[in-house]
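Commentary on secondary and tertiary structure
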Amino acid sequence: MANVVKKRSISYELAQKMVDKAVAKAREIGVSENVAILDDGGNLKAFGRMDEAPIPTIEMAQNKAFTALLGVSTQEFFNFIQGDPSLLAGVPTLARMAAWGGGAIGVSGAPAVQNDVDCAKAALALVSDAAPTQQ
């Protein structure tokens, strides 16, 4: 079985808890968000759209989550590409890529990027809580 690779992916239960945590944070700070959690293949695992979250930010949330599959937040991704004119020009032409804050999971809809970031961080705290500790 040398040609078989085992992968870990987020469970539905954890994905839904992350959506709920991000929504709770959004309510706490008084904003409406769309929250997208993808599996390791970029497929939608869980999604939440709060009342009054802007419709265009549904796609934005999913694109932020897809971009985060690179292994960095979308803000870190932007910081990386902004110093290279060819990357800065080329990345926006790629489907499903987003280079603004709020993506380590996909969170979009608040009037300020920092609100999206805060909600994403609240949800991501659940992942570190759920991850098995290494011995």
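Preceding this section is the structure that the text describes.
Remember, it's a predicted structure, so these values are computed and weren't measured experimentally.

1. Remarks on the side chain of N115
Looking at the secondary structure, you find N115 in helix α5 (residues 113–130). Since its relative accessible area comes to 17%, N115 is described here as buried.

2. Quick word on the sheet that holds strand β2 (residues 44–49)
Within a beta sheet, neighbouring strands are joined by backbone hydrogen bonds and run either parallel or antiparallel to one another. The strand order β2-β1-β3 describes an open sheet built from three strands, whose pairing is antiparallel. Only two strands of the sheet have a single partner each, and these edge strands are β2 and β3 (106–108). Each adjacent strand pair in this sheet contributes to an overall mean axis angle of 10°, direction not counted. As judged from the five bridges shared by strand β1 (residues 34–38) and β2, these two strands associate in the antiparallel manner. Within β2, the position partnered with L38 by the bridge is L44.

3. Things to note about the pattern of salt bridges
Under the counting rule described, the total for this entry stands at three salt bridges. Measuring nitrogen to oxygen at the nearest pair gives 3.6 Å for the salt bridge that ties D40 to K7. Here D40, found in the loop between β1 and β2, pairs with K7, found in the segment before α1 (12–29); they are 33 residues apart in sequence, far enough to count as distant. The partner of D116 in a salt bridge is K64, with the nearest N and O atoms 3.0 Å apart. You can see D116 sitting in helix α5 and its partner K64 sitting in helix α2 (residues 56–67), a full 52 residues away along the chain. Under the relative-accessibility criterion, K64 is labelled buried at 0%.

4. A word on α2
An ideal rise of 1.5 Å per residue puts 16 Å on 12 residues; α2 measures up with 17 Å between its terminal C-alpha atoms. Every buried residue of α2 is accounted for by T57, A61, N63, K64, A65 and T67.

5. Re the side chain of D39
Looking at the secondary structure, you find D39 in the loop between β1 and β2. Put simply, D39 is tucked away with no salt bridge, and the nearest opposite charge, on K45, sits 5.3 Å away. Of note is the side chain of D39, whose polar atom sits 2.9 Å from the backbone nitrogen of G41. Setting aside anything within four residues of it in sequence, one finds D39 in contact with S9, I10, K45 and L69.

Reading guide: rules and limits
Residues numbered from 1 in each chain as written. Predicted model: local features only at pLDDT ≥ 70, side-chain atom pairs only at ≥ 80, totals over all residues. Heavy atoms only, no water. Helix = DSSP H or I, 4+ residues; strand = E, 2+ residues; numbered from the N terminus. Buried < 20%, exposed > 50% of the residue type's maximum accessible area, 1.4 Å probe, protein only. Pairing = 2+ DSSP bridges. Axes fitted to C-alpha atoms, helices over the stretch in contact; angles between N-to-C directions. Salt bridge = Lys/Arg side-chain N within 4 Å of Asp/Glu carboxyl O. Expected span 1.5 Å × (residues − 1). Lys, Arg positive; Asp, Glu negative; His and termini not counted. Polar contact = N/O pair within 3.5 Å; in protein donor to acceptor, adjacent residues only side chain to side chain. Contact = heavy atoms within 4.5 Å.

Treat this as a map of the structure, not an account of what it does.
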